[in-house]
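Breakdown of the fold
Here's the letter readout for the chains.
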Amino acid sequence: MSAAIHNHGSSLKPAYPRAIVLSLASDFGCQLQLSNIADLLDVLGTIKLEYWQLMSSAVLPADYDIAIIEGAVTTQDHIELLQQVRTVAQTIIAIGSCAITGGVPALAAQDLGKHVQAVYSDDADRVAAGRVRPAPISNYVAVDYLVAGCPIDPREFVTVLQGALLGVRQRQQREPLCAQCKTMEAPCFYSIRAAQDIADGMATPQALCLGLVTRTGCGALCITRGRPCTGCRGIAADANLSSARTFIANEGLDVDDFDDALRIYSSHALDDGGEEQ
Amino acid sequence: MTAAHTAKAYRKLGANPYRPWPARITSITQLTATEKLFELRLIDEHVREEFSFTAGQFVELSIFGIGEAPISISSAPSKQGFIELCIRQTGTVTNAIHRMRCGDVVGIRGPFGRGFPFEEMENHDVLLVAGGLGIAPLKSLINHVHDERHAFGKVTILLGARNPAELLFRQEFDMWKHRQDFDLMMTVDQPDDSWDGEVGLVTRLFDRVDIDPDNTYGAICGPPVMYPFVVEEMRKKHLDVDRIYVSVERRMKCGIGMCGHCAVGHQYTCIEGPVFSYWEAINLREAI
Amino acid sequence: MIYKIIEKWALEDLFEGLRANYDEVVGPQPSKGHGGPALVFDKLTNFNDLRLDYDTTILPPKKYFLNPDERILRFNRSTGDVFDTEPVQISRAIFGMHPCDINALLLLDQIFLGDYVDPYYQAARKSTFIIGTSCMPSPGHICNAFGSDEVHRGFDLFLTDLGDRYFLSCATVPAAELVDKYLDAREPVAADISDFQARTRQFKAAFKYLPQMDQLPLLYGAKYEDEDLWNQIGDDCLSCGACSMVCPVCHCFDVRDKLDANGETGLRHRVWDSCNFSEFAEVAHDYNFRPTHTSRVRYRFFHKFVGNFTRNGKMLCVGCSRCNRACKVGITPARVIRALQEDANANVGAETPDSADTVSAKKDCA
């Protein structure tokens, strides 16, 4: 994607790039975040929203410029829909961890048959027909822009959308979160380890903070509010997992716990040989 | 002209060195499929008067909302009131200016860095070698030598490109081939039907180069991989490494020695460079 | 320089004096954050929050001179109009800067107030009143190796703790006026000078470890291509850049444009950057001069110990130990220096910092 998205329609009045918002397997949380954009009206002044699954019952139009997609791919229908969208849309923006890393839906990828069996028992083939191993959408179609997070940050979405409208290749920060966390001057969770403090009830021995290896960009939102990073933005491109695991072990924490925590959002990358964007 | 000159000019104008001067695109020439030559005019008259540069210096080009990129100046320092930038469509900023039209406004900061040591080179022979987009910074020096032809001895210019379609300024240089006061040779790796000249790497042309090593300065611009080979050829002609100048590529973000992005070894490409003598360059870690 | 003595209890008067004269008084105090215990420089509203006997803070006071996210200009995409953003004109007093941090500021002055002047840095420098304070070395502090355990300029007022009183050094007119107006200060007598000397001796003796700095720049150059040495360090690197953020002299930045929601107007931002990020040395066509963890770590310390030393005569490290705490995998200046000084061919028990020091430094890491 290099060219800016061209305007359509008659030359007499300005026309805006036409956008659709679609959802695959997800909890619609990211779509909900879109409706939380404070400057929504300003943003809508730059695009024409033709279809928004969450907000109206209109049918998917035949033609549009930008497809904003949330959710993981879990069915054959999803694959076909994506392939169809890719032939129409000039630009695909993937939003949220389900779409980008496979997210929580991808947790079911291991032993998928067993999970389906457990839920639908003998009816599985009828009710859950056409299922595929849950995967990020980039497994099936090229993605031009992405907005990470669970859920996404609406402000980040606006920035990415603007880049797409200008035809600017998205800048992908590859480093993990720690630098941003330091910039926010949040005390590190890995320093709550003095055994005496724990014994004295001064500190809790938890602190499996995944910021060490997680894609940056959230501004250390959780950590500054008192929660360790859960890795919702996926694994950073430059993450050094082996060194991070060594650190975890040296801290007296369990490396398997660390990997399990990472799996909540990055099981596809860790177990399915999936490639991070 | 050096970084200190520009610093002085900025102080004289009482200006914030991060603030670009608005400049209008006055002409656009499509050179190849991916390169265009942009002629720009600084809009503010005072700024235009203070703006002077030497061949090899660069400016920071701003496309607002997208960002900045360092671009070397291609026009001759003697060209008053306008600067020319030869820009390949490769990153976000360069793609953006490729979509702009005449009359559009961009931002310019600079000129930054140290150019070719033209005062030292004057009254000597010069051997100028460019490969690919390396012609962009070298073109300014070639133009300078052209405009001040009497101040230089023998002038030899060697140009190389992957194929004829990518040979920048080809039409202009085709005309120079017949001139007596320039010894100009061109070569391409992959010839096509339009090409009846030399075929091969630019180093091939050295067979036909005859220089007086005690009276010659060399200048090389091109992809980093080219430098050792061209320098080797120059060394075979007994040219000293401190008389060979190269232009180093880095992502200069601020242009004023603060942001750290363009550091090579212990120097900054945006202050002590981008033109270094080859001796300096091989003594800077990872310079080329 | 004017020297005075004040009793310890008079410190609150100094605080009130600062409050009366500056928009904001900041100083080291416990973080209100949720992770481990840590101190930060923050606005002081209550004198009792001030911790002058502090060890170190997460971020250095650098944040007051180089904003992590400085808005450097406002633009309009359509018209090409550009407007300077005014440097913030808040007057601020920083209470309790350690000598290392004041020395770090002097190093930043070389970079931001040179031939080119950074207007934002300059404005903050001019409107900031600095009160330095003496300290005692904690484990991991190696300011002694860089000569930054002492400071002789770069502050307005400096407080040396003599137990029951402070030895005051007033370096500027505003400092002298402040002392005059708000403090019941007296002239030092021989006993004060003698106590000052005793404290200095005690301070110098408190350093448990002095890195071997012999010929460091030349040695670095000679061992630059030693892949084993650098891979041992680089393989550990998380490439997270935390070290650069907390470093009082790391100053690299990136410049980014951010549009308003209308897509037309916007701001250009200058944001903290790190040479440990893989994007840092990338040029056109995604060519990267330092694509590996190892190449970036090697470069970062090269710039600190050799690059700036060759260029400006100073190493870009003041031994403050913040990176020791920020780095989760133990890549510290001391480790790099030790690795460089180690003689691969000799089996000498190289001098190392107390292992106990390393452990306790880790414990209270921030």
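How each quantity is defined
Residues numbered from 1 in each chain as written. Chains lettered and ligands numbered in written order. Predicted model: local features only at pLDDT ≥ 70, side-chain atom pairs only at ≥ 80, totals over all residues. Helix = DSSP H or I, 4+ residues; strand = E, 2+ residues; numbered from the N terminus. Rg over C-alpha atoms; globule rule 2.2 N^0.38 Å. Buried ≥ 20, exposed ≤ 12 C-beta atoms within 10 Å, placed from the backbone. Contact = placed C-beta atoms within 7 Å. Domains from an automatic or database assignment. Nonpolar A, V, L, I, M, F, W, Y, C, P; charged D, E, K, R; others polar. Pairing = 2+ DSSP bridges. Axes fitted to C-alpha atoms, helices over the stretch in contact; angles between N-to-C directions. Parallel < 35°, antiparallel > 145°, perpendicular 65-115°, else oblique. Left-handed = near helix turned anticlockwise from the far one by under 90°.

In this section: the overall build of chain C. Helix and strand counts for chain C stand at 12 helices and 11 strands. Over its C-alpha atoms chain C spans a radius of gyration of 22 Å, differing by no more than 12% from the 21 Å that the globule rule assigns to 366 residues. The principal-axis extents of the C-alpha atoms in chain C amount to approximately 70 × 65 × 40 Å. Here chain C holds 366 residues, and the buried ones make up 47% of them. Intrachain contacts of chain C at a sequence separation of at least 6 include 72% that bridge at least 24 residues.

What follows concerns the domain arrangement of chain C. Residue and element names in this part refer to chain C. When the domains of chain C are assigned, the result is domain 1 (2–205) and domain 2 (216–363). Between domain 1 and domain 2, the residue contacts involve 35 residues of the former and 30 residues of the latter. Those elements that place two or more of their residues in the side of domain 1 that touches domain 2 are strand 4 (69–76) and helix 2 (99–112). Across the side of domain 1 that touches domain 2, the residue classes break down as 18 nonpolar, 10 polar and 7 charged.

Bringing the pairing of strand 3 (residues 58–63) of chain B into the picture now. Residues and elements named next belong to chain B. For strand 3, the tally of buried residues reaches 6 of 6 residues, placing the bulk of the element in the interior. Covered by surrounding structure in strand 3 are Phe 58, Glu 60 and Ser 62 together with Val 59, Leu 61 and Ile 63, the residues of both alternating faces. Linkage of strand 3 to strand 4 (residues 67–72), two consecutive antiparallel strands, is achieved through a turn of 3 residues, within which Gly 65 is found at a positive phi near 95 degrees. As defined by bridge partners, strand 3 adjoins strand 6 (residues 105–112) across 4 bridges and the pair is classed as antiparallel. Counterpart to Phe 58 in the pairing with strand 6 is Phe 112.

Let's shift gears to the interface of chain A and chain B. Counting residues at the interface gives 5 residues for chain A, matched by 5 residues for chain B. Residue composition of the side of chain A that touches chain B, grouped by class: 3 nonpolar, 1 polar and 1 charged.

Residue and element names in this part refer to chain C. Ordered in space as 1-9-8-7-6-2-3, the 7 strands form an open sheet in which the pairing is mixed. With one partner strand each, in any of the chains shown, strand 1 (2–7) and strand 3 (39–43) form the two edges of the open sheet. Strand after strand, the sheet turns through a mean of 25 degrees between neighbouring axes, direction not considered. Relative to strand 9 (residues 165–170), strand 1 runs antiparallel, the two being bridged by 6 bridges. Counted as the bridge partner of Ile 5 is Phe 167 from strand 9. Each of strand 1, strand 7 (128–133), strand 8 (157–161) and strand 9 is contacted by helix 4 (residues 173–182), which is oriented at about 140 degrees to strand 9, the strand it contacts most.

Here we take up the packing of helix 1 (residues 11–21) of chain C against helix 4 of chain C. Residue and element names in this part refer to chain C. Two numbers describe how helix 1 lies on helix 4: the axes approach to 10 Å, and their chain directions differ by 120 degrees. The angle between helix 1 and helix 4 places the two elements in the oblique class. The handedness of the crossing between helix 1 and helix 4 comes out as right-handed. Of the residues in helix 4, those touching helix 1 at Asp 13, Leu 14, Glu 16, Gly 17 and Asn 21 are Leu 178, Lys 181 and Tyr 182.

Our next topic: the environment of Leu105(C). Residue and element names in this part refer to chain C. In this fold, Leu 105 is placed in helix 2. Residue classification places Leu 105 among the buried residues on the basis of 27 C-beta atoms within 10 Å. Excluding its chain neighbours within four sequence positions, the residues that come into contact with Leu 105 are Phe 65 and Gly 154.

A few words now on the domain arrangement of chain A. Residues and elements named next belong to chain A. Along its sequence, chain A is carved into domain 1 (18–166) and domain 2 (178–271). The straight-line distance from the C-alpha centre of domain 1 to that of domain 2 is 28 Å. Contact with domain 1, which involves 17 residues of that partner, is made by 14 residues of domain 2. Here the side of domain 1 that touches domain 2 gets 3 residues from one element, more than from any other, and that element is helix 4 (residues 97–101). Grouping the constituent residues of the side of domain 1 that touches domain 2 by class yields 9 nonpolar, 6 polar and 2 charged.

Another aspect to go through is the interface of chain A and chain C. Facing the 35 residues of chain A at the interface are 38 residues of chain C. Elements with a contribution of two residues or more to the side of chain A that touches chain C: helix 2 (40–44), helix 7 (154–166), helix 8 (178–183) and helix 10 (241–250) of chain A. Tallied by class, residues from the side of chain A that touches chain C come to 17 nonpolar, 10 polar and 8 charged.

So, on to unusual backbone geometry. The linkage connecting Cys150(A) with the following residue, Pro151(A), adopts the cis geometry, with an omega of -5 degrees. On the secondary structure map, Pro151(A) appears in the loop between strand 7 (145–147) and helix 7. Cis geometry is adopted by the peptide bond preceding Pro111(B), which originates at Gly110(B) and carries an omega value of 0 degrees. Of note, the phi angle at Ala220(A) is positive, near 55 degrees, even though the residue is not glycine. Mapped onto the secondary structure, Ala220(A) falls in the loop between helix 9 (195–199) and helix 10.

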